[in-house]
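# Examination of the molecular architecture
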Amino acid sequence: MVKIAIMGYGVVGSGVVEVMLKNKKSISHKAGEQIEISRILDIREFSDSPMAGRFTSNFEDIINDPEIKIVVETIGGLNPAYDFVRRCLLAGKSVVTSNKELVAAKGDELLALARDRNLNFLFEASVGGGIPILRPLDQCLAANEVFEIAGILNGTTNFILTKMIRDNISFADALNLAQRLGYAERDPLADIGGLDACRKICILASLAFGKHVYPEQVHTQGIQDITLEDVKYADIWGGVIKLIGRARKLEDGRLDCIVVPMILPHASRLAQVNDVFNGILVRGDAIGDVVFYGQGAGKLPTASAVVADIIDEVKHLGARKYLIWESGEPDYVADYLESKSAMMLRLKCDNSQAVKSKLDNMLGVCERVDIENSPSDELVLVTPLITQNRLDEVLKSLSDTSLISRIRIADF
Ligand code: HSE
């Protein structure tokens, strides 16, 4: 019998209990041991829960119980989760978490604490909800030099963009619906502003390339400024707009890492990933391209990944599992303004033919995109590969032109 505790009885924590109770027999069989949830930490009372009687609002009841060997953290956020997880590891308890904010900010430190004490710190649910991605990346693809990861990592924004693209419904209405369905973070700004996707690409990049990438090192732009017009231009050009987190290795050893809305050509595998689903493309030198796809948010899909980590930790009590990366460095992530990509530009100008000719001369031939009833003073172009620095310099030299939007075109 292995005793565990759960900290946080919100959407994910209660989902973990639900899955543990529903599949109790097969979970014990797979773990090779009975697993007992002996404590649940929450400030609220749940007297009608099947776990009533095991709730506590005092963390000391968990940390001071030597029989609890594994602690599951599903509180979310940095405080008090960071302090609690750190103290659990220091007290000799292995930890499972679904908390991407915690892992993205403190993963290097917590992994080192676990390693030094022969404990495990697992967080499969922190990226891609129920999609198996961290274990496959670290174990099944271990033979590869991974050189690029690109993903639709946030279900809420993908749901909103899908509604805008397919049903022509407004950003605000789609966000409202996503919140009602329980996909969005407590603070939906973390979703629509790209921070949630940023935390996830940081975890993926840290694991794939072996060195911590901190969220503040990654240029992050959300989908708040994407309009139905942008969606239409992208469609006429032959693509869809998705919020993408991408990390790729540069020749000098640094990373190009960014979270931005991108236009994906319809033929891209990630262009087919819709609604709340996530898709993650991993490129390795032996495997080529491999895509992971599934439900990236929601109670039971996320609980599925948490419970799998619990089973793994029960099987590896007193033995180290995989997962480690070094601390990061200030210059590890290259300046995003120097990263090249093709871009779709929407420009406001009076003489569009003259402006296009000038840009063709300065950037190389650009492709013009027109939609029905587009305003006469609007020029939409797709540029050849260019850095944002160079593009901004060129646009500044055109006094009669202002920028409406600039969206990168994906090369995957
Ligand atoms: N708010 C997140 C999303 C939940 O929409 O993807 C899962 O991390």
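Rules and cut-offs
- Residues numbered from 1 in each chain as written.
- Predicted model: local features only at pLDDT ≥ 70, side-chain atom pairs only at ≥ 80, totals over all residues.
- Heavy atoms only, no water.
- Phe/Tyr/Trp six-rings, centres within 6.5 Å; stacked < 30°, edge-to-face > 60°.
- Helix = DSSP H or I, 4+ residues; strand = E, 2+ residues; numbered from the N terminus.
- Buried < 20%, exposed > 50% of the residue type's maximum accessible area, 1.4 Å probe, protein only.
- Lys NZ or Arg CZ within 6 Å of the ring centre and 35° of its normal.
- Pairing = 2+ DSSP bridges.
- Expected span 1.5 Å × (residues − 1).
- Arc of directions from axis to C-beta.
- Domains from an automatic or database assignment.
- Contact = heavy atoms within 4.5 Å.
- Buried area = accessible area lost by both parts, 1.4 Å probe.
- Salt bridge = Lys/Arg side-chain N within 4 Å of Asp/Glu carboxyl O.
- Polar contact = N/O pair within 3.5 Å; in protein donor to acceptor, adjacent residues only side chain to side chain.
- Nonpolar A, V, L, I, M, F, W, Y, C, P; charged D, E, K, R; others polar.
- Near = heavy atom within 4 Å.
- Areas by Shrake-Rupley, 256 points an atom, 1.4 Å probe, with all protein chains shown as cover.
- 1 Å grid on protein atoms, 1.4 Å probe; cavity = no way out; pocket = protein on both sides within 12 Å on 5 of 7 lines; lining within 4 Å.
- Sits in = over half its atoms within 2 Å of the grid points.

Turning next to the packing of aromatic side chains. For the structure on display, the rule yields seven aromatic pairs. Where Phe59 meets Phe84, the ring centres are 4.0 Å apart and the plane angle is 5 degrees; that geometry is what we call stacked. With Phe59 in the loop between strand 3 (55–56) and helix 3 (60–63) and Phe84 in helix 4 (residues 81–90), this residue pair connects regions lying 25 residues apart in the sequence. In this structure Phe59 comes out as buried when scored by relative accessible area, which is 5%. Of note, Lys106 hangs over the ring of Tyr82, and the distance from its end group to the ring centre comes to 4.8 Å.

The next thing to look at is the pairing of strand 1 (residues 2–7). Where burial is concerned, most of strand 1 is hidden: five out of the six residues are buried. As defined by bridge partners, strand 1 adjoins strand 2 (residues 35–41) across six bridges and the pair is classed as parallel. By the bridge assignment for strand 2, Lys3 is matched with Glu36. Taken together, the five bridges between strand 1 and strand 4 (residues 68–73) define a ladder with parallel strand orientation. Paired with Ala5 across the bridge in strand 4 is Val71.

Our focus in this paragraph is helix 13 (residues 352–363). Between its terminal C-alpha atoms helix 13 stretches 16 Å, which fits the 16 Å expected from 12 residues at 1.5 Å a residue. For helix 13, the full list of buried residues reads Ser352, Val355, Lys356, Leu359, Asp360 and Leu363. End-on view of helix 13: buried residues confined to an arc of 140 degrees, all on one side of the axis. Downstream of helix 13 by a residue or two, Gly364 has a phi angle that is positive, lying close to 100 degrees.

With that settled, the discussion passes to the domain arrangement of the protein chain. By the assigned domains, the protein chain splits into domain 1 (2–130 + 299–315), domain 2 (134–295) and domain 3 (336–409). For domain 1 versus domain 2, the separation of C-alpha centres amounts to 27 Å. In this complex, domain 1 contributes 21 residues to the contact, which on the side of domain 2 involves 19 residues. The junction of domain 1 with domain 2 conceals about 1500 Å² of combined surface from both sides, 54% of it contributed by carbon and sulfur atoms. Among the residues domain 1 hides against domain 2, the three largest losses belong to Lys100, Ala104 and Val127. Together they make up 39% of the total. Across the contact surface, domain 1 and domain 2 share five salt bridges. Here Glu124 and Arg135 are joined by a salt bridge, their closest N and O atoms 3.3 Å apart. Seen at the junction of domain 1 and domain 2, the total is nine residue pairs in polar contact (both at pLDDT 80 or more). Elements supplying a minimum of two residues to the side of domain 1 that touches domain 2: helix 5 (100–116) and helix 12 (299–315). The leading source of residues in the side of domain 1 that touches domain 2 is helix 5, at eight residues. For the side of domain 1 that touches domain 2, a count of residues per class yields nine nonpolar, five polar and seven charged.

Turning our eyes to something else, we now look at the side chain of Arg199. Tracing the sequence through the fold places Arg199 in helix 10 (residues 195–209). Its relative accessible area of 11% is what places Arg199 among the buried residues. With sequence-adjacent residues up to four places away left out, Arg199 is seen in contact with Lys100, Glu101, Ala104 and Ala190.

On to the pattern of salt bridges. Per the stated rule, a full pass over the model turns up 29 salt bridges. Across the pair Arg406 and Asp392 runs a salt bridge, and its minimum N-O distance is 2.9 Å. Within this pair, whereas Arg406 is found in strand 18 (residues 401–409), its partner Asp392 is found in helix 14 (residues 388–396), the two being separated by 14 residues in sequence. Using a relative accessible area of 23% as the deciding quantity, one classes Arg406 as partly exposed. The exposure class of Asp392 is partly exposed, given its relative accessible area of 26%.

Lining the immediate environment of the ligand, one finds Lys100, Asn154, Gly155, Thr156, Tyr183, Ala184, Glu185, Asp191, Asp196, Lys200, Gly296 and Ala297. One nitrogen or oxygen atom from the side chain of Asn154 is found 3.5 Å from an oxygen atom belonging to the ligand. Taking Thr156, its side chain carries an N or O atom lying 2.6 Å from an oxygen atom of the ligand. Within the complex, 91% of the 250 Å² of free accessible area of the ligand lies under protein. At a threshold of 2 Å from the grid points, most atoms of the ligand map onto the largest pocket. The set of elements that each furnish at least two residues to the shell around the ligand consists of helix 7 (155–167) and helix 10. Taken together, the residues that form the shell around the ligand break down as three nonpolar, four polar and five charged.

Here is the key point about a regular strand: its side chains alternate between the two faces of the sheet. Alignment of strand 10 (residues 255–265) against strand 18, held across two bridges, turns out to be parallel. Note that in strand 18 the partner of Met262 across the bridge is Arg408. Of the strand pairs in this sheet, strand 14 (residues 343–349) and strand 18 are connected by seven bridges, and their pairing is antiparallel. Residue Met344 lies in a different strand from strand 18, and its bridge partner there is Ile407.

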